[in-house]
Amino acid sequence: MVHRVAVIGAGPSGLTSMKACLDEGMVPTCFETSDDVGGLWKFKEVSEPNRASIYRSLTINISKEMMCYSDFPIPADYPNYMHHSKILKYFKMYAEHFKLLQHIRFQTAVKSVKQRPDFSRSAQWEVVTENREGLEEKHVFDAVICCSGHYTYPNLPLKDFPGIETFEGKYLHSWDYKGPEDMQGKRVVVIGIGNSGGDIAVETSRVAEQVYMSTRRGAWVIRQVSDNGLPVDMKYNTRFVHILFQLLPINFFNWFGENKLNAMYDHSMYALKPKHRWVLFSQIPVINDDLPLKILSGSVVIKPNVKEIRGSTVVFEDGSKVEKVDVIVFATGYNYDFPYLPSNAMYKSGHRVALYKHVFPPNIEHPTLAVVGFIHGLGAIMPQAEMQARWVTRVFKGLSKLPSNPAMIKAVENDTKDIEKNYIVSKLTPLQVDFVSYMDELAGAIGVRPSLLWLFFTDYALFKKVLWGPVTAYQYRLMGPGKWAGARQAIFTQFERMNQPLKTRQTLHKIVFAVFLFGLL
C-alpha cells in the first residue's frame, strides 16, 4: 500500500501533485532545489543552471479561467492574462490554502532515484537528496512523482550554424534573456519563431535599431484578444468546437481556420505562412497580438532559416544577408532529461521518452513511478498536470488499474505513430496532445469526465454551459471522485470573473440604450 510519496519539484505540477496525494490520504514530501514555490514562474535576475528561466516582462498567453486549478479559481480582480508575478502569487495562495508548504523541503536537490533491492516485493524507491550544505541523505518512499519540467536544459545547436565561431557580436539562448536593456540601438537576429522568440523579437524591437526573425518553417500567429474582446481560448476552446472536429472533414477546418487567421493578417503577405496546414494546430501556434504590427511597421523583419554566419554578417537560405549584426538570440527550444532516474526507468519510443498516457513508464514492474507535467498541448499546464496527478494518486492507491506492461508498451508505440502523424515533431517536441481529448481521456480513467447526456436530462442550464462554454477545469469537479461543491457555481460565474478586472470605468451605454427605447415608446 502506497503511503509515503516523494514529489520532485514545487512548481505548478509539484504543487498539484502534493494536493492530490493529500486528497487520497497519502503523505507527500516535496524536494525543491530553490527557496520558493513556483518553478518556472519564480523570476530570477540571473538564470541558474539546471533550472527553468523566464524574462522580466513575461505575461502568460493562457487566460486565467483556462489556466487555474479545478477547485481554486484565480481571484476575480486578477487580469485575464497575468504577469508572472501574479501567477506566482496565485501558486502561493494555492499552497497556503491547501497547507502544502509544510510538506516541502526547500533548497534540497534530488541526486538519485532508484529501485530498492526488494522492489519486486515492496515496489519501493530509494531517494538520495543533497541539502544546501552539501549533506546527502537517503530516504525510502513507496512511490515517486517527477515534476521537474521540460524547460530546464537550453538547446543551443551551434553546429547547425556554420561560421558561428567567427561571429563578432554576442549570442545567447532565450533562457538567458531577461530584458531588452542590452539591445539598445543594436541590430538583432532572433532565431526561432516559437512564443518566446515572438515575445523577445517584439520587446527587443522597441529599443533596437532593427530586429530580424529567422524561421525554418513559419508559423500560424493568433491573437490573444478574440472576437468581441474575449480571450481567444475562452471563445474557441469549447466542447462544441471539439465535437465539430470529430464530425467534420479535416479539409473543412483547414479552409475555415486558415481563412479566419488570414482575415486578421494574410500570413503569406507577412512572410509568416508555415509549411504545415492549420488544422488541430499540428505545431503549437505563436500567440502574439503585437508581432503583426511590428512586422507591418518594419521593426521586425521575417527571414528564412540561417545558412551561415560570416563575422558580423548573417546569411540566409534565400541568399539574402544582414550585415553588422550585434546580437543573435537563439530561441531554439529545450532538451529534456531526468538525470536523477536510472536509464532503465525510461522507455524510449523513436526519439522520445515514452510514457503510458504521458505519465507512467510502461516497462516498470510496479506502477509506483510517475511523471507529471511532461506534456505540451494548446492549453495551460496547470489543469493538465492536475488531471495527471489525480489519476496518478488513484493508481498508487489501487483505485485505478493500469494494463499489463506489454499492453502499455503497445499503447505507447501507437501514441508515437499518432504524434508523428498529427504533429510537427522533433526530438525537442515529442510531447504533443490535444488538450480536450487528453483531459477527457484521463478524466474517464478517474471517473470524473462530465456526461453531457446526464447533464442534458438532469441540469439543462449546466449542460448548456458545459457544451457551449470554454472547457475550464471546473468541469472535472462536477461528479465522481474529488467532486467539488463549488464547481457548478464556478462554471456559471467564469465570465463574471473574466469581466471583473475590466470594470475600471463606468460606461453609459446601458443608460443611453434605455433612453433610446423610452424615446421609441
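These figures come from a predicted structure and were not determined experimentally.

Participant: With reference to specific residues and values, describe the overall build of the protein.
Facilitator: Within the protein, the regular secondary structure consists of 17 helices and 24 strands. C-alpha atoms of the protein, sized along the principal axes, occupy 80 × 65 × 45 Å. Expressed as a percentage of the 521 residues in the protein, the buried residues total 53%. Pairs at least 24 residues apart make up 68% of the contacts formed inside the protein by residues separated by at least 6 positions. Carbon and sulfur atoms make up 54% of the accessible area of the protein, which amounts to about 23,800 Å² in all.

Participant: Residues and numbers for a nonpolar patch on the surface, please.
Facilitator: Among the surface-exposed residues, Ile243, Leu247, Leu248, Phe252, Trp255 and Phe256 lie close enough to one another that they form a single nonpolar patch of about 580 Å² accessible area. Of all elements in the fold, only helix H7 (239–247) and helix H8 (250–264) reach the threshold of two or more residues within the nonpolar patch. The leading source of residues in the nonpolar patch is H8, at 3 residues. Structurally, the position occupied by Ile243 is in helix H7.

Participant: Lay out empty space enclosed by the protein in plain terms, naming residues and giving numbers.
Facilitator: Per the counting criterion, the structure on display carries 2 cavities of 30 Å³ or more. Roughly 70 Å³ of internal volume is contained in the largest cavity. Together, Leu40, Lys42, Phe43, Lys44, Val46, Ser47, Glu48, Arg51, Ala52, Ser53, Ile54 and Lys178 line the largest cavity. Partitioned by chemical class, the residues of the lining of the largest cavity number 5 nonpolar, 2 polar and 5 charged.

Participant: Outline the sheet that holds strand S7 (residues 143–146), supporting the account with residue identities and numerical values.
Facilitator: Taking strand neighbours across the sheet as the criterion, the 5 strands line up as S3-S2-S1-S7-S22 in an open arrangement whose pairing is parallel. Both outer strands of the open sheet, strand S3 (104–105) and strand S22 (369–371), are each paired with one neighbouring strand and no more. Bridge count for strand S2 (residues 27–31) against S3 is 2 bridges, and the pairing is parallel. Directly across from Cys30, in S3, lies its bridge partner Ile104.

Participant: Which residues make up the nonpolar core, and what values go with them?
Facilitator: Formed by 104 residues in total, the largest nonpolar core has its most connected members in Val5, Leu15, Met67, Ile145, Phe360, Trp391 and Phe396. Those residues within four positions of Phe360 in sequence are excluded, and the remaining contacts are Leu355, Pro367, Leu369, Ala370, Trp391, Val392, Val395, Phe396 and Leu402. Core analysis: the next-biggest nonpolar cluster, separate from the first, contains 24 residues, Phe31, Val110, Tyr340 and Val371 among them.

Participant: Give me the packing of H7 against helix H14 (residues 460–468): which residues, what numbers.
Facilitator: For the pair H7 and H14, interaxial distance at closest approach is 5 Å and the crossing angle is 60°. Viewed along their axes, H7 and H14 adopt a mutual orientation that is oblique. Contacts between H7 and H14 involve Arg239, Phe240 and Ile243 on the former and, on the latter, Val466, Leu467 and Trp468. Residue composition of the contact of H7 with H14, grouped by class: 5 nonpolar, no polar and 1 charged.

Participant: Please provide a residue-by-residue account of the environment of Lys44, values included.
Facilitator: With respect to the element layout, Lys44 can be found in the loop between S2 and helix H2 (64–67). Sequence-distant contacts of Lys44, defined by excluding residues within four places in its chain, comprise Ser34, Asp35 and Lys178.

Participant: Now, about the state of the cysteines: what can you tell me, with residues and values included?
Facilitator: Inspection of every chain in the model, using the stated rule, returns 0 disulfides. Looking at Cys21, it has no disulfide partner, and the nearest cysteine sulfur is the one in Cys147, 8.8 Å off. The structure places no disulfide on Cys146, whose sulfur is separated from the nearest cysteine sulfur, that of Cys147, by 7.3 Å.

Reading the values: rules and limits
Residues numbered from 1 in each chain as written. Predicted model: local features only at pLDDT ≥ 70, side-chain atom pairs only at ≥ 80, totals over all residues. Heavy atoms only, no water. Helix = DSSP H or I, 4+ residues; strand = E, 2+ residues; numbered from the N terminus. Buried < 20%, exposed > 50% of the residue type's maximum accessible area, 1.4 Å probe, protein only. Contact = heavy atoms within 4.5 Å. Areas by Shrake-Rupley, 256 points an atom, 1.4 Å probe, with all protein chains shown as cover. Patch = residues over 30% accessible without salt bridge, like charges linked within 9 Å, V, L, I, M, F, W, Y side chains within 5 Å. Salt bridge = Lys/Arg side-chain N within 4 Å of Asp/Glu carboxyl O. 1 Å grid on protein atoms, 1.4 Å probe; cavity = no way out; pocket = protein on both sides within 12 Å on 5 of 7 lines; lining within 4 Å. Points joined across faces, edges and corners; volume = space filled by probe spheres on them. Nonpolar A, V, L, I, M, F, W, Y, C, P; charged D, E, K, R; others polar. Pairing = 2+ DSSP bridges. Core = buried A, V, L, I, M, F, W, Y, C linked by side-chain atoms within 4.5 Å. Axes fitted to C-alpha atoms, helices over the stretch in contact; angles between N-to-C directions. Parallel < 35°, antiparallel > 145°, perpendicular 65-115°, else oblique. Disulfide = S-S within 2.5 Å.

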